[in-house]
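Descriptive analysis of the structure
The primary structure of each chain is shown beneath.
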Amino acid sequence: MTFLSYLISGISLGSIYAIIALGYTMVYGIAKMLNFAHGDVIMVGGYMSFMATTHFGWSPFSSVLFAMGVCTVLGILIEQLAYKPLRSAPSLAVLITAIGVSYFLQNAALLIWTPNPKSFSSVVPFDSLRLFDGQLIISGTTIVTIVACAIIIVTLNTIVNKTKIGKAMRAVSEDKDVAQLMGISVNKTISVTFAIGSALAAVAGVLLCSAYPILMPTTGAMPGIKAFTAAVFGGIGSIPGAFLGGILLGIIEILGKAYISTQLSDAIVFAVLIIILLVKPTGLLGKKVLVKV
Amino acid sequence: MLKVNSIHVFYGNIHAIKDVSFYVNEGEIVTLIGANGAGKSTILKTISGLIRPAVGTIEFLGESIVNLSPHKIVRKRLAHCPEGRRLFLQMSVKENLEMGAYTRDENDIEADMADVYQRFPILEERRNQLAASLSGGEQQMLAMGRAMMAKPSLLMLDEPSMGLAPILVEQIFDLIVELNEAGTTILLVEQNAQMALSIADRGYVLETGSIVTTGSCADLLNDERLKKAYLGG
């Protein structure tokens, strides 16, 4: 029964990683860049929800919508101001810019919200679920996190596979030049991708802070890196890959903490990543494109 | 319809296109022929906006398009079917056709899709398969189908016969003629000069980035020098 409870916490943590990883993987797939500021957008999402509930007295649900709105705008702004001017620059320049944006967001948060941790109260109003005569207790936050992740995956899959903008995103991801020859605006498509990724980051931020209720300017950094690992683990650029990578990473982390060592859990996570990449360099679901002549 | 005026294109330090001018009238099939590396594809990419010329003007239907982004140029119904097919391999056959019609209203494309399927029944059979799973010939059919879905008034085709079996080359060229008869103006880039000149109205011969000869196809086919260089005679 303890194993089951660890497994459920793992899936829940993994769901948060998966939601963040989706943002990384979509931006990578379409703009071919690693947006290292993505983790810090999570933090901004957390603060927005915190401010909405504690300062404005809004309901938890509207605080999530508020956080999503602000992060969407923030994501688009970051893309327009920092990345768009570098569209044809070498990828190293873009990478360094992304790290710069990450530091900028963290330090701006330090200025605005001070380094003192805020204690975040969960946005989830439900009670814990008690199963098997109280032997298995699943918190409301855990359930909401897993359900939210499932809904996001299904929605995103529908968007990407069924809608016109989703198909345009896949086309840009595969061949930017030819996508333009079809009449697709690459800039618009990249903006939409950043908007979606940042809105998801806000959701992840709120869920993360609901589960681990300490909010600081560096709150997003570590989960951001873990989620990036998850995206690479699953095959960067692949949406199902980000989902699978996120969930697996969460499970490995929690089981590692529970059965091996709390201190070593991060090392175990990254060791698994290294092994997977040695065996399958494209990640679990990464694609190898065959070109016919 | 299309007027290219003394364009120069550079790739870094390489002067790839030197003072190239030509025009295409409405209803014509015009072909650019020349050896590998003569700059044929570069010219098409410059017209469709993927590359900017350093100097020179490009007019389409009386309007300058030289500073427009590629996705805006397509909306003027000037389509470019690039070299090497360049399909979206991770998308299905049907989705590739839909991408071809990206600039158009989704409700108007059913009939055109049916038309493509009627012409290439194999594509209908495989409409839900990934483009990557098609054979080379089927991929070329799909590339042509995708170009047709754009309903362009001027269609630029880059090496549509490349790597195809002779029977398929025949079929693709028949299709080009049919499209032209149905009102699409064609700018055709080909290495297969014989084939291209046999269907075109006029031709331009390119050598290392410059136009060296031009004329009606009948004249070009009889040009002694050309015969030696490109026509295997």
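Brief notes about the nonpolar core
Of all hydrophobic cores here, the largest spans 83 residues; its most connected members are Leu22, Met33, Tyr83 and Ile184 of chain A together with Phe88 and Met99 of chain B. Ignoring sequence-local partners within four residues, the contact set of Met33 of chain A consists of Val27, Tyr28, Tyr83, Val94, Ala98 and Phe194 of chain A. Core analysis: the second largest hydrophobic core is formed by 47 residues, Tyr117, Leu142, Ala147 and Leu179 of chain B among them.

Quick word on the packing of aromatic side chains
Residues and elements named next belong to chain A. Overall, the coordinates contain 10 aromatic pairs over all chains when judged by the stated rule. On the numbers, 5.5 Å between centres and 55° between planes, the contact of Tyr24 with Phe228 is tilted. One end of the pair, Tyr24, is in helix H1 (residues 2–31); the other, Phe228, is in helix H9 (residues 221–234), with 204 residues separating them in the sequence. In this structure Tyr24 comes out as buried when scored by relative accessible area, which is 2%. Phe228 gets classed as buried once you look at its relative accessible area, which sits at 18%.

A short note on the domain arrangement of chain B
Residue and element names in this part refer to chain B. Each domain of chain B was delimited in the assignment, giving domain 1 (2–77 + 153–230) and domain 2 (89–151). Facing 15 residues of domain 1, the contacting portion of domain 2 comprises 14 residues. By the criterion of area lost to domain 2, the three top residues of domain 1 are Arg75, Arg77 and Leu175, representing 35% of everything that side buries. On inspection of domain 1 and its partner domain 2, the count reaches one salt bridge. In this structure, Glu178 and Arg119 form a salt bridge, with 2.7 Å as the shortest nitrogen-oxygen distance. Our count for the domain 1 to domain 2 interface comes out at two residue pairs in polar contact (both at pLDDT 80 or more). Secondary-structure elements contributing two or more residues to the side of domain 1 that touches domain 2 are strand S7 (154–158) and helix H7 (166–181). Of all the elements, H7 adds the most residues to the side of domain 1 that touches domain 2, at seven residues. For the side of domain 1 that touches domain 2, the class distribution of residues is 10 nonpolar, two polar and three charged.

A few points about the layout of surface pockets
Residue and element names in this part refer to chain A. Considered as a void within the structure, the second largest pocket measures approximately 370 Å³ in volume. Every residue lining the second largest pocket is counted, 17 residues in all, and those nearest its centre are Leu208, Tyr212, Met222, Pro223 and Lys226. Taken together, the elements giving at least two residues each to the lining of the second largest pocket come down to H1, H9, helix H10 (239–260) and helix H11 (265–279). Here the lining of the second largest pocket gets three residues from one element, more than from any other, and that element is H9.

Overview of empty space enclosed by the protein
All names here are of chain B. Per the counting criterion, the structure on display carries one cavity of 30 Å³ or more. Volume-wise, the largest cavity comes out at about 80 Å³. Residue assignment for the lining of the largest cavity shows that the elements contributing at least two residues are strand S6 (78–81) and helix H6 (136–149). Tallied by class, residues from the lining of the largest cavity come to nine nonpolar, two polar and one charged.

What about the pairing of S7 of chain B?
Residues and elements named next belong to chain B. Of all five residues that make up S7, five are buried, and the element is covered over most of its length. Of the two faces of S7, the one lined by Leu154, Met156 and Asp158 and the one lined by Leu155 and Leu157 are each fully buried. Of the strand pairs in this sheet, S7 and strand S8 (residues 185–190) are connected by five bridges, and their pairing is parallel. Across the sheet, residue Asp158 finds its bridge partner in S8, namely Val189. Read as a crossover between parallel neighbours, the route from S7 over H7 to S8 is right-handed.

Some remarks on the packing of H1 of chain A against H10 of chain A
As a packed pair, H1 of chain A and H10 of chain A sit with axes 6 Å apart at the nearest point and diverge in direction by 140°. Both H1 of chain A and H10 of chain A take part in a crossing whose hand is right-handed.

Some points on the interface of chain B and chain A
Contacts between the two partners involve 30 residues from chain B, matched on the other side by 23 residues from chain A. Among the residues of chain B in contact with chain A, Phe88, Gln90 and Tyr102 of chain B are the three that bury the most area, contributing 27% of the side total. The interface formed by chain B and chain A contains three salt bridges. Linking Glu98 of chain B and Lys167 of chain A is a salt bridge whose minimum nitrogen-to-oxygen distance equals 2.5 Å. Residue assignment for the side of chain B that touches chain A shows that the elements contributing at least two residues are helix H2 (70–74), helix H3 (93–100) and H6 of chain B. With four residues, the top contributor of residues to the side of chain B that touches chain A is H3 of chain B. Of the residues contributing to the side of chain B that touches chain A, the split by class is 12 nonpolar, 10 polar and eight charged.

Criteria and cut-off values
Residues numbered from 1 in each chain as written. Chains lettered and ligands numbered in written order. Predicted model: local features only at pLDDT ≥ 70, side-chain atom pairs only at ≥ 80, totals over all residues. Heavy atoms only, no water. Core = buried A, V, L, I, M, F, W, Y, C linked by side-chain atoms within 4.5 Å. Buried < 20%, exposed > 50% of the residue type's maximum accessible area, 1.4 Å probe, protein only. Contact = heavy atoms within 4.5 Å. Phe/Tyr/Trp six-rings, centres within 6.5 Å; stacked < 30°, edge-to-face > 60°. Helix = DSSP H or I, 4+ residues; strand = E, 2+ residues; numbered from the N terminus. Domains from an automatic or database assignment. Buried area = accessible area lost by both parts, 1.4 Å probe. Salt bridge = Lys/Arg side-chain N within 4 Å of Asp/Glu carboxyl O. Polar contact = N/O pair within 3.5 Å; in protein donor to acceptor, adjacent residues only side chain to side chain. Nonpolar A, V, L, I, M, F, W, Y, C, P; charged D, E, K, R; others polar. 1 Å grid on protein atoms, 1.4 Å probe; cavity = no way out; pocket = protein on both sides within 12 Å on 5 of 7 lines; lining within 4 Å. Points joined across faces, edges and corners; volume = space filled by probe spheres on them. Pairing = 2+ DSSP bridges. Right-handed = clockwise from strand over helix to strand, strands pointing away. Axes fitted to C-alpha atoms, helices over the stretch in contact; angles between N-to-C directions. Left-handed = near helix turned anticlockwise from the far one by under 90°.

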